[in-house]
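Residue-level structure breakdown
The chain contents come next:
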Amino acid sequence: LATVAVVDGVPIRVGTYQKRVKYRRWDYRNYINYLENQKMAFAGQGEEQGSLLQYFDQQIRQIESELASVPRQAVDELIEEQIFRQEAEGRGIAVTSEEVQARLHEQFGYDPNPPTPTPTPVTATEPMTTTPMPTQEPMTYDEYVEQSDQWFKSMQEATGFSRQDYLDLLESYLYREKVEEVLKAEAPTTAEQVHARHILVETREEAEEVLNRLEGGESFEDVAADVSIDTSNKEAGGDLGWFSRGAMVPAFEEAAFALETGQVSDIIETQFGFHVIKIEERDPNRELEGQALDQAQREVVQ
């Protein structure tokens, strides 16, 4: 049987690929139809909905772009699923049929064990300022079965993608989530970091003038506030905070990590313009936080 890829000896068949392409196209088109219907529903509500309509337009264009790249995406998706399954097997990570079924329930908004509603007590001294809204009844099992059966029937008729194919897809999602959770826990939580400031200008001549002013005794913070075009930090004297390797573009990063504490760089050119950098502090093993920690975890997964 013909294959589109082989992952460590495991073939991905052409038939599997073709069904995935048809399913993804069907799924994207359904979402585009949903967005267009939502846009029409808000279109007649006045000019105050303008930003919301723009949001719908942006979402539609993005999904249309992804729709055009489905054939390539489907190959990558199937390869990654096999990679995560193999990694899970090597690590003894399992996904049960109960977990797959629970994820399917979530897809349709069905909760087999809904919480018992509890009334909120209101004392006589508390005025009723709003009209109480009725609590939405949870989906029943019969409603879940009816909706899911209808959806699976439509999907298979349109794409050939069966209920079992969809359950296998949900299983792949769960394998990926579990493997990623383990990998992220293994990611480093500390790294070499620098605390830097920079001044960004448009031309080399302006950067040379920045260096002249600094050599003349003006403070880095004052010059940054005066001329830097990086509006995200110029008022803070060009302060970029702490960052580790991989957070900045290569030329900037190379220059920053080559500097000693208190040192000011020569002119550094990047796609953003011309920089002058100053290192305030260095730490060879500083705790990663926020985006830096997220980046370290993404790198381990990748």
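Anything mentioned here points back to the structure above.
Counting restarts for each chain, with residues numbered from 1 along the sequence as it is written. Local features in this predicted model are restricted to residues of pLDDT 70 or higher, and side-chain atom pairs are both shown and tallied only at a pLDDT of 80 or more, whereas totals for entire chains, interfaces and linings draw on every residue. Values shown for side chains rest on all heavy atoms present in the structure; no hydrogens or waters enter the calculation.

Digging into the overall build of the protein chain
Filter applied, for reference: Helix numbering and strand numbering both begin at the N terminus, where a helix is a DSSP run of H or I of at least 4 residues and a strand a DSSP run of E of at least 2. C-alpha atoms define the radius of gyration in this analysis, and the globule rule sets the expected value at 2.2 Å times the number of residues to the power 0.38. Here's how the labels work: a residue is buried when its accessible area is under 20% of the maximum for its type, exposed when over 50%, partly exposed in between, all with a 1.4 Å probe on protein chains only.
If you tally the helices and strands in the protein chain, you get 10 helices and six strands. In terms of C-alpha radius of gyration, the protein chain reaches 28 Å, well past the compact-globule figure of 19 Å for 302 residues. Along the longest, intermediate and shortest principal axes, the C-alpha atoms of the protein chain span 80 × 70 × 40 Å. Residues classed as buried in the protein chain amount to 34% of the 302 residues present.

Remarks on the pattern of salt bridges
For the record, the criterion: Whenever Lys or Arg places a side-chain nitrogen within 4 Å of a carboxyl oxygen from Asp or Glu, that contact is recorded as a salt bridge.
All told, the structure shown has 24 salt bridges when counted by the stated rule. E186 is paired through a salt bridge with R91; the nearest N and O atoms lie 2.8 Å apart. Residue E186 is located in helix α6 (residues 163–186), and its partner R91 is located in helix α3 (residues 70–91); the two are separated by 95 residues in the primary sequence.

What to know about the side chain of E253
Counted only if it meets this: Think of it this way: Lys and Arg go in the positive column, Asp and Glu in the negative one, and His and the chain ends go nowhere. In what follows, a contact means two residues having at least one pair of non-hydrogen atoms within 4.5 Å.
Examined against the element boundaries, E253 turns out to sit in helix α9 (residues 250–258). Buried and unpaired, E253 has R245 as its nearest opposite-charge partner, separated by 4.2 Å. Not counting residues up to four positions away in its chain, the partners in contact with E253 are R245, G246, A247 and M248.

Things to note about the sheet that holds strand β6 (residues 273–287)
The strands that make up a sheet pair up through hydrogen bonds in the backbone, lying either parallel or antiparallel. Just so we agree on the cut-off: Criterion used throughout: strands pair if DSSP finds at least two bridges between them. Under this scheme, a helix contributes an axis fitted over its contacting stretch, all axes are lines through C-alpha atoms, and angles between N-to-C directions fall in the 0 to 180 degree range.
Spatially, four strands are ordered β4-β3-β6-β5 in an open sheet, and the strand pairing comes out antiparallel. Both outer strands of the open sheet, β4 (239–244) and β5 (268–270), are each paired with one neighbouring strand and no more. Within this sheet the neighbouring strands show an average axis-to-axis angle of 45°, counted without direction. Pairing of strand β3 (residues 190–201) with β4 involves five bridges; the strand directions are antiparallel.

With respect to the pairing of strand β1 (residues 3–7)
Taken together, the four bridges between β1 and strand β2 (residues 10–13) define a ladder with antiparallel strand orientation. Paired with V6 across the bridge in β2 is P11.

Side note on the nonpolar core
One recurring pattern in soluble globular proteins: nonpolar side chains tend to sit buried together. Filter applied, for reference: What is meant by a nonpolar core is a set of buried Ala, Val, Leu, Ile, Met, Phe, Trp, Tyr and Cys residues, joined one to another through side-chain atoms within 4.5 Å.
Y23, L104, M155 and Y166 are the most contacted members of the largest nonpolar core, which totals 24 residues. Going through the elements one at a time, α1 (14–43), α3, α4 (97–107), α5 (141–159) and α6 are the ones with two or more residues in this core. Ranked by residues supplied to this core, first place goes to α6 with eight residues. Those residues within four positions of Y23 in sequence are excluded, and the remaining contacts are W151, M155, T159, F161, Y166 and L169.

So far we have only geometry, and geometry alone does not tell us how the molecule works.
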